[in-house]
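One-letter residues, chain by chain:
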Amino acid sequence: MSDLANVYQLFRSKFENYDFQYYYPPTYIRMLTESNDKIIFTFKEKHVSNGNNYLNQIKTSPHNGSISDSLNLTGSPLKDDVGNVDDLQVKDPDVFVRKSWTSDEETYGPLDTAEARSILQNFINLDCKVGRGDIWTLCSGTDGDGTVLLQLAVNSDANDHRQFVRGVVRSTGVEECNSVTMAHLIDIHRQRAEGMKFNNKIYIRQWYNLQPYITVRLSWHTIGENASFALERNAHVRLSQRFPVDGGAFSRNSRAEYFWQQLQRLAMMKDKILDIRANRTSGYVSHDISNEGLNEVNLDYVKQKVNNILSTFITVEPKNFDFHNIAGMIDQVRLRSLTDVMERLYDALTLCSNYDDLKAAIDYIFHLSTHSNIVNVPTTGTRFAQLILAMIQDRLAIPSLTPSEPYELLLECGFAKLMNDYRTIFAECGIYELEFDKLFQSQPTNTRKSRYASTAAAPNSRGGKESITSKSSLFQPLEVTRPEKSILLSNFDEEEAKTKLNRLAQVHLLLEHLLSLADTVNIPSIYGRVCEVYLAQRPLSYSEVYNRDTDLLELDVNEFQLIELVKKQVPYGRRVSMSSSNMLQKVETVFLQYAQPILPDCFFPESRQEEDEVPGKRNKYWCYEYDKIERL
C-alpha cells in the first residue's frame, strides 16, 4: 500500500510549474506494473478535444429529477443527447478495441525527458524521509531511447532510511508479430543485466480477442533460456467481456429487448409516483404507461378486457419450455401465454393511455370484486391482489385511492411479473436460481432499529410500557394486520423501489452478457460461475447503468476449452517478465507487446505514423520495454 500524501504536498510546493496527481495509476501504467496502488503522477495538463470519439460525449440520465412531458418509455429505449448512436457506431466500430486509454488520460500531457529526470533527482536530494510508494512522470519519448515513462519507487523504513527503485519505460516501435521471439527478449534483458545471474523462471501473460468485446487472458510461467510462447495446458484463464451499454442503445438489436423495455416502464412508474407525491404535474401527463402503438386503445376496451380476465373461465395448461439455447428460451418466455390473474391484469392496465384511465380501470376492478361473481381469484402476494381478494371474501367497500396509489399498485405488479420472467429464463435454462429475496436485501447503514420495526414493548409517559403493535400495524402486510375491515395506507417505499430497479437492471445486464457469451464462447459449464461472480458485485443504480458506456464482466475460469478456443490465434497482447540479480542489485525487465498503442496518440502521434509504415493491421505489435532496477 502506498503512503505518499506528504510527498504529494512537497511536490506541489516545490515544483509549481508542473501538474501532479495522487491517485490510482493510468491504464498504461497498470498494464505495465499490474498494480493498482495509488501513485504520484507528474504531467503537464492539456485539454484535447476529439470530436470523433463518442465515448467522450456526456449522456444525461432519464431519471434525474422529474420526468419531462416528452419522455416516453414505452417504445424505443431512452434517447441519448449524443444523437444517433447507431451512426456513431458505424463510424467507429472498433472503438473499444482501438482505444487502450481513457478519455481523462488524454489531458495528461508529457514532459521533456530531461525535465522529468530532473524532478525525480531533485526529490532524491530533498530531505523528505516520510513516504512509501511510486512516483511516475510521463515523458515525451523524443530522446534517443524513446523514454515515455520514468519511475521512482520510494520506501522509508522505521529509522527514516530511504530506499529507491528506479524504473524506465521505453517505446521501441512497431514489430511484426512473428518477428518477436522469446530468445530475442532474453537477449535484450541479458544485455541490460550484464554480469548478473539470470533467473530461469519467466512469467508470460497473453490476451486473445474472441470478438471485439470478449477477451481471454492466459497466464503461466516457463523455465529455461530455451523457453517459447507455446501455450501451457495448466495456464491460468481469465475471461473478460466489456459489454457495450451506450445508454440503453444495446437493446435495439437484443433478443431481450422486451424485458429491458419492461424495466424502463417500471423506472418511469417509480418516478411518476415521486412526481405526484411532490405535486409535480408531470406525474399526470398523458401517454405515459401504455405500449407503443396502442395509445389509441380507449377505456371501454380496457374495461372489457379486465372483465374477461376476472369473470371468464380459462383453461390453464402447464407451459412446457423447450430449452435449446438462451436466446430461444428468452423468446419462449416473452411469447408465453399469461395465466396468472395479476399478470394478465397488469398487461391489460398498461394499455391505459393516461392517468385518469388507469385510475378508472382500477376502480372498475374493485367494482367487479365487490359486486360480481369473480371466477379467477388472484393468488399472488402483491398488495393489489390482497385488496381484490379481501373485497371478494369480505365484501369491503371500494377504497378511495390516493393520487399516487394507482401507479403504486401497478408498479408492484410490474415488479412481480418481471421477476417471474427473469426467474423463469434462468431456471429453465438450467443456469442459475435467482433468489430475489436475497438480492433485494440492502446492506444496513445504521445498526439502530426503527421503533416501527420493533415488536418489543416501549415505555410510556408514565414510566410503564405499552405495546406499539397498533403503531406498527400500518406498515405490515395485509395478512398480519389487525382484523378490522380496513384498507391499508400506502406502502410505497422509495428506497425499496430503487433497490429493486438496481438489482433488476443488474440481472438484465447479466442476461445480456450470457447471450453474448453463448453466441461467441458457447461453453455452458461456465454460465453458473458467471452468474455467481456477477451478482456478487454491488449493483449500480439504474441511472448509472443507463449512463455508462460499457459494463465489465470479469472472472477466473477453470476451463480448458477456452485455451483450445484461442490456441491457433495470434495474441492481441503479450506481457513477458524476467529478472536477473547479483549481491548488489536486481534488474527486472517487462516486455509489453500490444496490437494497438497504449499511450494517447494525441501526444504520441508517431505511433500512428509507424502504423502506416507497417502493413497488415492485425500482424504487428507496439512494443514497450520496462526496466526496473533495485539495489539490494
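None of the values given here were measured: they were computed from a predicted structure. (Residues numbered from 1 in each chain as written. Predicted model: local features only at pLDDT ≥ 70, side-chain atom pairs only at ≥ 80, totals over all residues. Heavy atoms only, no water.)

Some remarks on the overall build of the protein chain
- If you tally the helices and strands in the protein chain, you get 20 helices and 16 strands.
- Within the structure as shown, the protein chain displays about 31,500 Å² of accessible surface, and the carbon and sulfur contribution to it stands at 45%. (Helix = DSSP H or I, 4+ residues; strand = E, 2+ residues; numbered from the N terminus. Areas by Shrake-Rupley, 256 points an atom, 1.4 Å probe, with all protein chains shown as cover.)

Some details on the environment of Ser541
- By the secondary structure assignment, Ser541 is in the loop between helix H17 (527-535) and helix H18 (542-547).
- Classification of Ser541 by relative accessible area gives partly exposed; the value is 22%.
- The sequence separation of Ser541 and Asn502 amounts to 39 residues, and the corresponding C-alpha distance is 4.9 Å.
- At a separation of 3.2 Å, a polar atom in the side chain of Ser541 contacts the side chain of Ser543. (Buried < 20%, exposed > 50% of the residue type's maximum accessible area, 1.4 Å probe, protein only. Polar contact = N/O pair within 3.5 Å; in protein donor to acceptor, adjacent residues only side chain to side chain.)

Considerations on the pattern of salt bridges
- Overall, the coordinates contain 25 salt bridges when judged by the stated rule.
- Two residues, Glu625 and Arg192, come together in a salt bridge whose shortest N-O distance is 2.6 Å. You can see Glu625 sitting in strand E16 (residues 620-631) and its partner Arg192 sitting in helix H6 (residues 182-192), a full 433 residues away along the chain.
- Accessibility expressed as a relative area gives 8% for Glu625, which makes it buried.
- Note that Lys500 is salt-bridged to Glu496, the shortest N-O span being 3.6 Å. With Lys500 and Glu496 both in helix H16 (residues 494-520) and four residues apart, the pair spans about one turn of that helix.
- What you see here is one network of salt bridges that share partners, running through Arg170, Arg192, Glu625 and Asp627. (Salt bridge = Lys/Arg side-chain N within 4 Å of Asp/Glu carboxyl O.)

Quick look at the side chain of Thr137
- Turning to its location among the elements, Thr137 is positioned in strand E4 (residues 132-138).
- By relative accessible area, Thr137 is classed as buried at 0%.
- Ignoring sequence-local partners within four residues, the contact set of Thr137 consists of Thr42, Ala116, Leu120, Val148, Leu149 and Leu150. (Contact = heavy atoms within 4.5 Å.)

Let's talk about the nonpolar core
- Ile326 and Phe384 are the most contacted members of the largest nonpolar core, which has 121 residues in total.
- The residues contacting Phe384, other than those within four sequence positions of it, are Met342, Leu349, Ile362, Ile365, Phe366, Leu409, Glu412 and Cys413.
- Core analysis: the second largest hydrophobic core is formed by 27 residues, Val148, Leu599, Phe604 and Tyr626 among them. (Core = buried A, V, L, I, M, F, W, Y, C linked by side-chain atoms within 4.5 Å.)

Some details on the packing of aromatic side chains
- With the rule as written, the count across this model stands at 21 aromatic pairs.
- Note on Trp207 and Tyr594: the rings are 6.4 Å apart at their centroids and 80° apart in plane angle, and the pair reads as edge-to-face. Of this pair, Trp207 sits in strand E8 (residues 201-211) while Tyr594 sits in strand E15 (residues 585-594), and the two are 387 residues apart along the sequence. Here Trp207 matches Tyr594 in class, with each residue buried.
- Measuring from centroid to centroid gives 5.1 Å for Tyr258 and Phe259, while their planes differ by 80°, and the two rings are edge-to-face.
- Judged by its relative accessible area of 24%, Tyr258 is partly exposed.
- One aromatic cluster in this structure is built from Phe11, Phe15, Phe20 and Phe123.
- Looking at Lys38, its charged tip hangs above the ring of Tyr22, at a distance of 5.9 Å from the centre. (Phe/Tyr/Trp six-rings, centres within 6.5 Å; stacked < 30°, edge-to-face > 60°. Lys NZ or Arg CZ within 6 Å of the ring centre and 35° of its normal.)

What about the packing of helix H11 (residues 355-371) against helix H12 (residues 383-394)?
- In the contact formed by H11 and H12, the axes pass within 7 Å of each other and the chain directions differ by 35°. For the element pair H11 and H12, the recorded crossing hand is right-handed. In this structure, H11 uses Ile362, Ile365, Phe366, Ser369 and Thr370 to contact H12, whose residues at the interface are Phe384, Leu387, Ile388, Met391 and Ile392.
- A class-by-class count of the residues in the contact of H11 with H12 yields eight nonpolar, two polar and no charged. (Axes fitted to C-alpha atoms, helices over the stretch in contact; angles between N-to-C directions. Left-handed = near helix turned anticlockwise from the far one by under 90°. Nonpolar A, V, L, I, M, F, W, Y, C, P; charged D, E, K, R; others polar.)

Quick word on the confidence of the model for the protein chain
- Per-residue confidence for the protein chain gives a mean pLDDT of 81, with 79% of residues at or over 70.
- With pLDDT under 50 throughout, residues 50-97 is counted as low confidence; its partners more than four residues away or in other chains account for 103 contacts.
- Note that residues 444-485 has pLDDT below 50 and, in this model, 35 contacts with residues that lie over four places away or in other chains. (pLDDT = per-residue confidence, 0-100.)

Let's talk about the pairing of E4
- Burial analysis of E4 places five of its seven residues in the buried class, the great majority of the element.
- By the bridge criterion, four bridges tie strand E2 (residues 39-45) to E4 in an arrangement that is parallel. Pairing of Ile39 across the sheet is with Asp134, part of E4.
- As paired elements, E4 and strand E5 (residues 147-156) share seven bridges and run antiparallel to each other. Bridge pairing in E5 places Thr137 opposite Leu150. (Pairing = 2+ DSSP bridges.)

Observations concerning the environment of Phe164
- The residue Phe164 is located in strand E6 (residues 162-176) in this model.
- When the C-alpha positions of Phe164 and Arg631 are compared, they lie 7.7 Å apart, and in sequence the two are 467 residues distant.
- Once residues within four sequence positions are removed from consideration, Phe164 is found in contact with Phe123, Ile124, Leu152, Ala153 and Val154.

Some thoughts on helix H10 (residues 341-349)
- Burial runs high along H10: eight of the nine residues are buried.
- Within H10, burial applies to Val341, Met342, Glu343, Arg344, Leu345, Tyr346, Ala348 and Leu349.
- In the core, the buried residues of H10 are packed alongside helix H7 (257-277), helix H8 (299-311), H11, H12 and helix H13 (405-428).
- Where H10 begins, the side chain of Asp340 points an oxygen toward the backbone nitrogen of Met342, at a separation of 3.0 Å.

Describing the packing of H10 against H12
- Packing of H10 against H12 brings their axes to within 11 Å, and their N-to-C directions diverge by 105°. Relative to H12, H10 is oriented roughly perpendicular. Across the interface between the two elements, Met342, Leu345 and Leu349 from H10 touch Phe384, Ala385 and Ile388 from H12.
- Tallied by class, the residues present in the contact of H10 with H12 amount to six nonpolar, no polar and no charged. (Parallel < 35°, antiparallel > 145°, perpendicular 65-115°, else oblique.)

Digging into the pairing of strand E14 (residues 573-581)
- Across the nine residues that make up E14, a large majority, eight, are buried.
- For strand E7 (residues 197-198) and E14, the ladder comprises two bridges, and the chain directions are antiparallel. Each residue of the ladder has a partner; that of Lys197, found in E14, is Ser581.
- As paired elements, E14 and E15 share nine bridges and run antiparallel to each other. When the sheet's bridge partners are listed, Arg575 is paired in E15 with Leu592.

Overview of unusual backbone geometry
- Although it is not a glycine, Glu34 sits at a positive phi angle of roughly 55°.
- Mapped onto the fold, Glu34 is located in the loop between helix H2 (27-33) and E2.
- A positive phi is found at Asn279, a non-glycine position, where the angle reads about 60°.
- Take Asn279: it is sitting in the loop between H7 and H8.
- Relative accessible area serves as the criterion here: at 71%, Asn279 is assigned to the exposed category.

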